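So you can see what is in the structure, the chains are spelled out below.
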Amino acid sequence: MAVSGAAGSTASVRGGRWQPQQPPPPSSSPSGHGGASLLGAAALLAALLACLLPACAHAGPGAYVAAANYSALHCEGFEPTYPQIDADLAVHRALGTHLNATQYIAGYLGSVQMRGLTVGFFGGVAYLLTPTDFPGLSHHAKLHAMYIRQLLHVQDTFGPDLPDVAFVLTTSDTPRYCSTRLLNASSPQPYNFSAADCHHTGGFVPGPYPVMGIGKSDWWPDLLLVPNFHFHMKLYDNTSLALVEQFAQVPWAQRKPILFGRFSKYRMNRCPDDVSTAKWGLGGKRICYNGGKTCPTREYFIRKMPEKDPTRIDVSFRAKVPMLRHSEYKYLVNLEGQGISSRLEQLLPMSSAVFKEASGYYAYYYRTLLKHRVNIIEFWRKVPEEVMEELDWAAAHDPQVARIAQAGVALARTYLTGPGRTCYWYRLLHGLAGTLAYEPDLSQWPAAVPLRQVLEEQMPASPQGREAYEQPWAP
Ligand SMILES: *[C@@H]1O[C@H](CO)[C@@H](O)[C@H](O)[C@H]1NC(C)=O
Ligand SMILES: *[C@@H]1O[C@H](CO)[C@@H](O)[C@H](O)[C@H]1NC(C)=O
Ligand SMILES: *[C@@H]1O[C@H](CO)[C@@H](O)[C@H](O)[C@H]1NC(C)=O
Ligand SMILES: *[C@@H]1O[C@H](CO)[C@@H](O)[C@H](O)[C@H]1NC(C)=O
Ligand SMILES: *[C@@H]1O[C@H](CO)[C@@H](O)[C@H](O)[C@H]1NC(C)=O
């Protein structure tokens, strides 16, 4: 396992950027002399062969298995979720994660307006690497508090087994930086920014960037997906997952065959060049505006679809109803918000079949775990009327839809748990460490402060920070 499927092991060897954890074997240090490349290749081959032995687990990026809590948390049981880490790191492996790109994106996204937090781990300790401003973050201060606590939880859980690594953690709904598809470390310079529709200013350094976020589309292949802050904020395991039996009390046969949902008003943001998030209305009508940057898919669905069949579709922005009452319906609809909607995690445990809008945006577990007509029912790949076809199909396949509902519950209970998410973080950090094209060192971040100190001293020092500090949190 340390060889196959291990984020940051074989694939990074293939990319020629394999970096051993300390101490580095002398043959892998960059030498720049022609003769060294053969030696380097031999060393890589030796490392690859050595990795077939169990001892490899204690050296190199596969070192993640050495942590006592890796087995205590049953991290190997969440293996089906880790291929997303490999997918997100593919560009990093191909082009390398450079220090100048890390520092550039820290300056660009790591500001309060951009909702970013520049953080890292050095010697098993979590650090805030550049200063932040909790009052300036406004409502995002609470979201940052969730991640600060989670990173400290990762520190407490894995400590010395964590690799040294620096990254920017964002809480914006969709990525907000120039796509590596337009400009990247192998694009010819100088860049024509107006042709690329990128709004960066002077000193631009192209990606890939070590940026983490809750959702993305294929337009940002380098963005590293992480579990949503809402899991922590909503105490997901103690609320949604703990209530599975209660949600299951209404028998399937008694649930109404109606597609149900209550929503807050959000409009989808997208990049006009991103074909993967393009959306059309009924009959292929254009619904996006603002140069294709805004698509009101939620509003459109709620305004247009109930009139197609009011006996089968009950969706609205009015009158929120408690989660428990959602279990009166066989079909629950998930409509995307500005990007992905974390409502999905709350719907999966309800023992109802979840109808999910296919938006092109995805969260860390969508691509690996969600399967159409297996544990969710997907619609609006192109047009919203697909929902009528799926409702017809559901009516004709009731026992199968009941199984889809149960598969959704099983997915949430098996994989979307606190340990599953903590293990994902840990594997991601090891994977990212394996792509670094530089030797990470705390001295590269002269303003670094231990994250524990940020949480316990800096955050409570302002009224806004204190409010964020006092929010309930669970791993
Ligand atoms: C395992 O993780 C828990 C917190 O999640 C921590 O308290 C404990 O010290 C860790 N054990 C080891 C051996 O690191
Ligand atoms: C890098 O940029 C070029 C355009 O300059 C593009 O063709 C290529 O697909 C990009 N590579 C990645 C991995 O996004
Ligand atoms: C840069 O791109 C814009 C828009 O495509 C184009 O009008 C302009 O001529 C380009 N400039 C150069 C120097 O290539
Ligand atoms: C960033 O650093 C890499 C080496 O790590 C170098 O090749 C590249 O030219 C640098 N890019 C810029 C824009 O400074
Ligand atoms: C969640 O539930 C566990 C087990 O019942 C309990 O120990 C823990 O304190 C709860 N956490 C929160 C934040 O309520």
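Provided above is the structure to which this section pertains.
Residues numbered from 1 in each chain as written. Chains lettered and ligands numbered in written order. Predicted model: local features only at pLDDT ≥ 70, side-chain atom pairs only at ≥ 80, totals over all residues.

Draft legend 1. Expanded view of the environment of Tyr-331. In this fold, Tyr-331 is placed in strand β10 (residues 329–334). With 26 C-beta atoms counted inside 10 Å, the residue Tyr-331 sits in the buried group. Once residues within four sequence positions are removed from consideration, Tyr-331 is found in contact with Ile-258, Leu-259, Phe-260, Ser-352, Ala-353, Phe-355 and Ala-394. (Helix = DSSP H or I, 4+ residues; strand = E, 2+ residues; numbered from the N terminus. Buried ≥ 20, exposed ≤ 12 C-beta atoms within 10 Å, placed from the backbone. Contact = placed C-beta atoms within 7 Å.)

Draft legend 2. Layout of the packing of helix α6 (residues 140–158) against helix α16 (residues 418–433). It is the contact of α6 with α16, at a shortest axis distance of 10 Å, that shows an interaxial angle of 80°. Considering the angle they form, α6 stands roughly perpendicular to α16. Contact residues: α6 offers His-153, Val-154, Thr-157 and Phe-158, while α16 offers Thr-422, Trp-425 and Tyr-426. Grouping the amino acids of the contact of α6 with α16 by side-chain chemistry returns 4 nonpolar, 3 polar and no charged. (Axes fitted to C-alpha atoms, helices over the stretch in contact; angles between N-to-C directions. Parallel < 35°, antiparallel > 145°, perpendicular 65-115°, else oblique. Nonpolar A, V, L, I, M, F, W, Y, C, P; charged D, E, K, R; others polar.)

Draft legend 3. Molecular detail of the site of ligand 5. Residues in contact with ligand 5, as listed here, are Leu-235, Asn-238, Pro-472 and Ala-474. Considering only residue class, the shell around ligand 5 consists of 3 nonpolar, 1 polar and no charged. (Near = placed C-beta within 6 Å.)

Draft legend 4. Representation of the pairing of strand β11 (residues 353–357) in the model. A large share of β11 lies buried, amounting to 5 of its 5 residues. Across the two faces of β11 the burial is the same, with Ala-353, Phe-355 and Glu-357 and Val-354 and Lys-356 all buried. Where β10 lies against β11, 4 bridges are found, and the strand directions are parallel. Note on β11: the bridge partner recorded for Val-333 is Phe-355. (Pairing = 2+ DSSP bridges.)

Draft legend 5. Spatial organisation of the sheet that holds strand β2 (residues 125–128). Taken together, the 6 strands give an open sheet; going across it, the order is β5-β4-β3-β1-β2-β13, and neighbouring strands pair in mixed fashion. Two strands in the sheet have a free side with no partner beyond their single neighbour: β5 (224–225) and β13 (449–450). Sheet topology places β2 next to β13; 2 bridges connect them, and they run antiparallel. Counted as the bridge partner of Leu-128 is Val-449 from β13. Running over the sheet, helix α5 (residues 99–109) touches β1 (116–122), β3 (165–170) and β4 (211–213) and is turned about 25° from β3.

Draft legend 6. Main features of the nonpolar core. Core analysis: the largest hydrophobic core is formed by 111 residues, its most contacted members being Val-119, Val-211 and Phe-355. Considering every element that reaches this core, the biggest residue donor is α6, with 9 residues. Of the domains in this structure, domain 1 (63–232 + 420–469) and domain 2 (243–416) are the two that each give at least three residues to this core. What Val-119 contacts, discounting residues up to four positions off in sequence, is Ala-126, Tyr-127, Leu-128, Leu-129, Leu-151, Phe-167, Leu-169 and Leu-451. (Core = buried A, V, L, I, M, F, W, Y, C linked by C-beta atoms within 7 Å. Domains from an automatic or database assignment.)

Draft legend 7. Quick peek at the site of ligand 1. Looking at ligand 1, the residues that line it are Ala-68, Asn-69, Asp-156, Thr-157 and Gly-159. Broken down by secondary-structure element, the contributors of at least two residues to the shell around ligand 1 are α3 (68–72) and α6. Looking at the shell around ligand 1 residue by residue, the classes come out as 1 nonpolar, 3 polar and 1 charged.

Draft legend 8. Geometry of α16. End to end, α16 covers 23 Å across 16 residues, agreeing with the expected 22 Å (1.5 Å per residue, within 8%). In terms of residue burial, α16 counts as a mostly covered element, since 15 of its 16 residues are buried. (Expected span 1.5 Å × (residues − 1).)

Draft legend 9. Inspection of the sheet that holds β10 at higher detail. Taken together, the 5 strands give an open sheet; going across it, the order is β9-β6-β10-β11-β12, and neighbouring strands pair in parallel fashion. Edge positions in the sheet fall to β9 (313–316) and β12 (377–379), since each has one partner strand and no second. Along the sheet, successive strands turn relative to each other by an average axial angle of 25°, direction set aside. Of the strands in this sheet, β10, β11 and β12 are in contact with helix α15 (residues 398–415), which crosses β11 at around 80°.

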